[in-house]
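Chain residues, written in single-letter form:
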Amino acid sequence: MIRPRSEKEKMVNSELYHANTPELIAEREACKAACWRYNNVASNPNFGISEAEKGRLLLDIIRPGNKWEVVNTGAAPGTPGGLTYVSENGFTSDIIDVTVDAPFTCSYGYNIRLGKNVYIEFGCTILDSCSVTIKARTILSPGVSIYSATHPIDPRKRNGSRGPEMAKPVLIEEDCWLGGNVIVLGGITIGKGSVVGAGSVVTRDVPPFTVVAGNPARVIRGIYQNGVDM
């Protein structure tokens, strides 16, 4: 007999699901608490929190359920990638040389994947009901919002907060730059090396190495012409 899929399984697989189940509510509350600690403790200079402890508090958000120990890689102090984290089960964190400025807010945390040297500036929000992947060397400017979550258009199906929801994955490739207050909707891929102008709303895929802007965001120009920066 096939076991019925849980609402969480439906959520991460982009199926209609109900978010107000005990499991999902508990995970959102835990993420909310972890974000509060990060935003109010890790980023308060009066507390004198070390970079190592700040990194551990970030992992409490995006890799919950583990106790993380700091491991020095042997690099010179202050060198990018000089610290890594290992869980009590011997798992090495996949978060390397990432900077996230507070305040930062997300829904669950564990669906976020961050590449090396990603920089997320202050005031960013990620609704990570489905996977949100931000690859290496990408910059999110202040106030960027990524919404993997969506609701049915039909108000009868939506039924206020009682109806089902759906989430779609977001992929932002390497070396992208999203300007301030950009909004990215679910199901979107932003191609490698692209730039999204401030205030844009990204409702469709962005080709690699292009500049897009507007609401909805449209291609303004390419970045290279015959291999040379335009």
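Refer to the structure above for everything that follows.
For clarity, every value in this text was computed on a predicted model and none was experimentally measured. (Residues numbered from 1 in each chain as written. Predicted model: local features only at pLDDT ≥ 70, side-chain atom pairs only at ≥ 80, totals over all residues. Heavy atoms only, no water.)

1. A look at the environment of Val98
Then, number 1: With respect to the helices and strands, the residue Val98 is situated in the loop between strand 2 (83-87) and strand 3 (99-100).
Then, number 2: In contact with Val98, not counting residues within four places along its chain, are Leu114, Gly115 and Val118. (Helix = DSSP H or I, 4+ residues; strand = E, 2+ residues; numbered from the N terminus. Contact = heavy atoms within 4.5 Å.)

2. Focus on the sheet that holds strand 10 (residues 145-147)
Then, number 1: Read from one edge to the other, the open sheet built from 5 strands follows the order 4-7-10-15-18, with strand pairing classed as parallel. Each having just a single partner strand, strand 4 (104-106) and strand 18 (201-202) make up the two edges of the open sheet. (Pairing = 2+ DSSP bridges.)

3. Some remarks on the environment of His151
Then, number 1: With respect to the helices and strands, His151 occurs in the loop between strand 11 (149-150) and helix 4 (155-158).
Then, number 2: As a C-alpha pair, His151 and Arg56 span 95 residues in sequence and 33 Å in three-dimensional space.
Then, number 3: Apart from residues lying up to four places away in sequence, His151 is in contact with Arg158 and Glu165.

4. A few points about helix 2 (residues 22-42)
Then, number 1: An ideal rise of 1.5 Å per residue puts 30 Å on 21 residues; helix 2 measures up with 29 Å between its terminal C-alpha atoms.
Then, number 2: Close packing links the buried residues of helix 2 with helix 1 (7-12), helix 3 (51-62), strand 3 and strand 4. (Expected span 1.5 Å × (residues − 1).)

5. Quick look at the layout of surface pockets
Then, number 1: As a volume, the second largest pocket reaches approximately 210 Å³.
Then, number 2: Residue lining of the second largest pocket: Leu16, Tyr147, Ser148, Ala149, Thr150, His151, Pro152, Ile153, Met166, Lys168, Leu185 and Gly186, and that is the complete set. (1 Å grid on protein atoms, 1.4 Å probe; cavity = no way out; pocket = protein on both sides within 12 Å on 5 of 7 lines; lining within 4 Å. Points joined across faces, edges and corners; volume = space filled by probe spheres on them.)

6. Focus: the nonpolar core
Then, number 1: Among the nonpolar cores identified, the biggest contains 42 residues, and Ile134, Ile146 and Leu178 are the most heavily contacted of them.
Then, number 2: Elements that contribute at least two residues to this core include exactly helix 2, helix 3, strand 4, strand 5 (112-114), strand 7 (124-127), strand 8 (132-134) and strand 13 (170-172).
Then, number 3: Looking at which element gives the most residues to this core, the answer is helix 3, with 6 residues.
Then, number 4: With residues up to four places along the chain from it excluded, the contact list for Leu178 reads Ile139, Leu140, Ser141, Val144, Ile172, Val184, Ile190 and Val196. (Core = buried A, V, L, I, M, F, W, Y, C linked by side-chain atoms within 4.5 Å. Buried < 20%, exposed > 50% of the residue type's maximum accessible area, 1.4 Å probe, protein only.)

7. Overview of the pattern of salt bridges
Then, number 1: Considering all chains together, one arrives at 10 salt bridges under this definition.
Then, number 2: The partner of Arg56 in a salt bridge is Glu53, with the nearest N and O atoms 2.8 Å apart. Within this pair, Arg56 and its partner Glu53 are both found in helix 3, separated by 3 residues, close to a single helical turn.
Then, number 3: With a closest N to O distance of 3.3 Å, Arg156 and Asp154 form a salt bridge.
Then, number 4: With relative accessibility at 73%, the residue Arg156 sits in the exposed group. (Salt bridge = Lys/Arg side-chain N within 4 Å of Asp/Glu carboxyl O.)

8. Some remarks on the sheet that holds strand 14 (residues 177-178)
Then, number 1: Spatial ordering of the open sheet is given by 3-6-9-14-17-19-20, a layout of 7 strands whose pairing is mixed. Bordering the open sheet on either side are strand 3 and strand 20 (218-222), each of which pairs with just one other strand.
Then, number 2: Bridge analysis of strand 9 (residues 139-140) against strand 14 gives 2 bridges, and the strand direction is parallel. Note that in strand 14 the partner of Ile139 across the bridge is Trp177.

9. Observations concerning the side chain of Glu165
Then, number 1: Tracing the sequence through the fold places Glu165 in the loop between helix 4 and strand 12 (166-167).
Then, number 2: Once residues lying within four places of it in the same chain are set aside, the contact partners of Glu165 are Glu15, Leu16, Tyr17, Ala19, Thr150 and His151.

10. Section: helix 3
Then, number 1: Look at helix 3: 17 Å from first C-alpha to last across 12 residues, which is about the 16 Å you get at 1.5 Å a residue.
Then, number 2: Within helix 3 the residues assigned to the buried category are Ala52, Lys54, Gly55, Leu57, Leu58, Leu59, Ile61 and Ile62.
Then, number 3: In this structure, the buried side of helix 3 is in contact with helix 2, strand 1 (68-72), strand 2, strand 3, strand 4 and strand 5.

11. Some remarks on the packing of helix 2 against helix 3
Then, number 1: Two elements in contact, helix 2 and helix 3, have axes whose closest approach is 8 Å; the angle formed by their N-to-C orientations is 160°. It follows that helix 2 is roughly antiparallel to helix 3 by the angle criterion. In the crossing of helix 2 with helix 3, the sense of the turn from one axis to the other is left-handed. For the pair formed by helix 2 and helix 3, the contact residues are Cys31, Ala34, Cys35, Arg37, Tyr38 and Ala42 on the first element and Lys54, Leu57, Leu58, Asp60 and Ile61 on the second.
Then, number 2: Of the residues contributing to the contact of helix 2 with helix 3, the split by class is 8 nonpolar, no polar and 3 charged. (Axes fitted to C-alpha atoms, helices over the stretch in contact; angles between N-to-C directions. Parallel < 35°, antiparallel > 145°, perpendicular 65-115°, else oblique. Left-handed = near helix turned anticlockwise from the far one by under 90°. Nonpolar A, V, L, I, M, F, W, Y, C, P; charged D, E, K, R; others polar.)

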